[in-house]
Amino acid sequence: MKQTLWNFRTLRAVILALIILTGATESRPFLLGESNPGSTVVNIDNFSFGSGALTVPAGTTITWINRDDVPHTVVSTERVFASSVLDTGDKFSYTFTKPGTYPYYCSVHPKMTAKVEVR
């Protein structure tokens, strides 16, 4: 029994180490100013876009996930992208292919604003 428990703990530690070393973790919200080529997750929670402002390279796909208990939208002020109403747990993704600054807001709660800077 002790050998099996030791093997399980060792296996779990090795798997965790591999996940950390390879970066193969579930997408996480980005902190202000962080970037990650490929994909990024922005959580909508507590009537705010978790990241506030992001800087990402061209080609990055951003996925917004509504973690709030009320519906929200993700709408570019220049109508470059617009989600439908997102209920709790719903997602919306957009791939930014051109450099520029993309301010956006929630059309249900217009004081909720943020921006994406694409380089």
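Calculation rules
- Residues numbered from 1 in each chain as written.
- Predicted model: local features only at pLDDT ≥ 70, side-chain atom pairs only at ≥ 80, totals over all residues.
- Heavy atoms only, no water.
- Helix = DSSP H or I, 4+ residues; strand = E, 2+ residues; numbered from the N terminus.
- Contact = heavy atoms within 4.5 Å.
- Core = buried A, V, L, I, M, F, W, Y, C linked by side-chain atoms within 4.5 Å.
- Buried < 20%, exposed > 50% of the residue type's maximum accessible area, 1.4 Å probe, protein only.
- Pairing = 2+ DSSP bridges.
- Phe/Tyr/Trp six-rings, centres within 6.5 Å; stacked < 30°, edge-to-face > 60°.
- Salt bridge = Lys/Arg side-chain N within 4 Å of Asp/Glu carboxyl O.
- pLDDT = per-residue confidence, 0-100.

1. Some words on the environment of Phe81
Along the chain, Phe81 falls in the loop between strand S5 (75-76) and strand S6 (91-96). Between the alpha carbons of Phe81 and Ser93 there is a distance of 9.3 Å; along the sequence they are 12 residues apart. In this structure Phe81 touches Trp64, Val74, Val75, Ser76, Phe92, Tyr94, Phe96, Tyr102 and Tyr104, once residues within four positions along its chain are discounted.

2. Quick word on the nonpolar core
Soluble globular proteins tend to pack their nonpolar side chains together in the buried interior. Phe49, Trp64, Val74, Phe81, Phe96, Tyr104 and Val116 are the most contacted members of the largest nonpolar core, which totals 19 residues. Those elements that place two or more of their residues in this core are strand S1 (39-45), strand S3 (53-56), strand S4 (60-66), S6, strand S7 (100-105) and strand S8 (113-118). Setting aside residues no more than four positions away along its own chain, Trp64 makes contact with Val42, Ile44, Phe49, Val74, Phe81, Asp90, Lys91, Phe92, Tyr94, Phe96, Tyr104 and Val116.

3. Digging into the sheet that holds S4
Sheet strands associate in pairs through backbone hydrogen bonding, adopting either a parallel or an antiparallel arrangement. Taken in spatial order, the 4 strands make up an open sheet running S2-S1-S4-S6, and their pairing is mixed. Because the sheet does not close on itself, it has two edges, and the strands there are strand S2 (48-49) and S6.

4. A few points about the packing of aromatic side chains
This model, assessed by the stated rule, comprises 11 aromatic pairs. Ring centres 5.7 Å apart and planes at 25° place the aromatic pair Trp64 and Phe92 in the stacked group. Note that Trp64 is positioned in strand S4 and Phe92 in strand S6, a separation of 28 residues in sequence. Here the aromatic residues Phe49, Trp64, Phe81, Phe92, Tyr94, Phe96, Tyr102 and Tyr104 are joined through ring pairs into a cluster of three or more.

5. Thoughts on the pattern of salt bridges
Evaluated as defined, the whole model comprises 1 salt bridge. Two residues, Arg119 and Glu117, come together in a salt bridge whose shortest N-O distance is 3.1 Å.

6. Some points on the confidence of the model for the protein chain
When pLDDT is averaged along the protein chain, the result is 82, and 69% of the positions lie at 70 or above. In this model, residues 21-36 is a region of pLDDT below 50 whose contacts with residues beyond four sequence positions or in other chains number 26 contacts.

7. Considerations on unusual backbone geometry
Glycine aside, residues mostly have negative phi angles, and peptide bonds mostly take the trans form. Its identity is not glycine, yet Asn46 carries a phi of approximately 55°, on the positive side. Along the polypeptide, Asn46 turns up in the loop between S1 and S2.

8. Digging into the pairing of S7
Pairing of S5 with S7 involves 2 bridges; the strand directions are antiparallel. Directly across from Val75, in S7, lies its bridge partner Tyr105. For S7 and S8, the ladder comprises 6 bridges, and the chain directions are antiparallel. Bridging across to S8, Gly100 finds its partner in Val118.

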